[in-house]
Amino acid sequence: MKTPTLSLLLLAAVSCGALAPRLPPKLPPPNLPRGMLVLDLTDAEAGKLETRDVVQLREAGIEELARADPAAAAHVLAHRVVTGMRVREVLWSLSGHPTRVRELGPPGGQILLFQPGRWYVRFGDEGTVVDGGRF
């Protein structure tokens, strides 16, 4: 009789997010330089996150990005995430959509969580990357 109770408790914990990854709110350091590397994925790691629609959008827009910001285009194609990137550039760099999105509220931003690989990218209240890594 204990098995159904245990199963129900586990189901309740999973459904309410009790077992979801927790990243504490963290303010970015002052004067964070633009272009600082926060994630560097291999082609194989990015391939695990890849979705067809993101790859198609990247292929359609990478030339325009390269004209506007050649350094950003180089980072996207190398699967690197650097400070100052916007959401679109991060999605293109990682080749897929996040598994979860966490809103931090004031003072701001959100965290995109990517699986497999347990990657996260934290955005500041201006909508640009301030941190990233593995959770």
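Residues numbered from 1 in each chain as written. Predicted model: local features only at pLDDT ≥ 70, side-chain atom pairs only at ≥ 80, totals over all residues. Heavy atoms only, no water.

Visitor: In this structure, what is going on with the nonpolar core? I would like to understand it.
Guide: Buried together is how nonpolar side chains tend to be arranged in soluble globular proteins. Core analysis: the largest hydrophobic core is formed by 24 residues, its most contacted members being Val81, Val90, Leu94, Phe114, Val121 and Val129. Those elements that provide at least two residues to this core are strand 1 (37-40), helix 2 (43-49), helix 3 (52-68), helix 4 (70-77), strand 2 (80-82), helix 5 (87-94), strand 4 (110-114) and strand 5 (119-123). Per-element tally for this core: the top contributor is helix 5, with 4 residues. Discounting chain neighbours no more than four positions away, the residues touching valine 129 are Leu32, Val38, Val81, Val82, Thr83, Gly84, Met85, Val90, Val121, Arg122 and Phe123. (Core = buried A, V, L, I, M, F, W, Y, C linked by side-chain atoms within 4.5 Å. Buried < 20%, exposed > 50% of the residue type's maximum accessible area, 1.4 Å probe, protein only. Helix = DSSP H or I, 4+ residues; strand = E, 2+ residues; numbered from the N terminus. Contact = heavy atoms within 4.5 Å.)

Visitor: Teacher, can you tell me more about unusual backbone geometry here?
Guide: Note on backbone geometry: most residues besides glycine have negative phi, and most peptide bonds are trans. At the junction of glutamine 115 and proline 116, the peptide bond is cis and its omega measures out at 0 degrees in the coordinates. Turning to its location among the elements, proline 116 is positioned in the loop between strand 4 and strand 5. Within the chain, arginine 118 stands out as a residue other than glycine whose phi angle is a positive 55 degrees. The exposure class assigned to arginine 118 is partly exposed, which follows from its relative accessible area of 40%.

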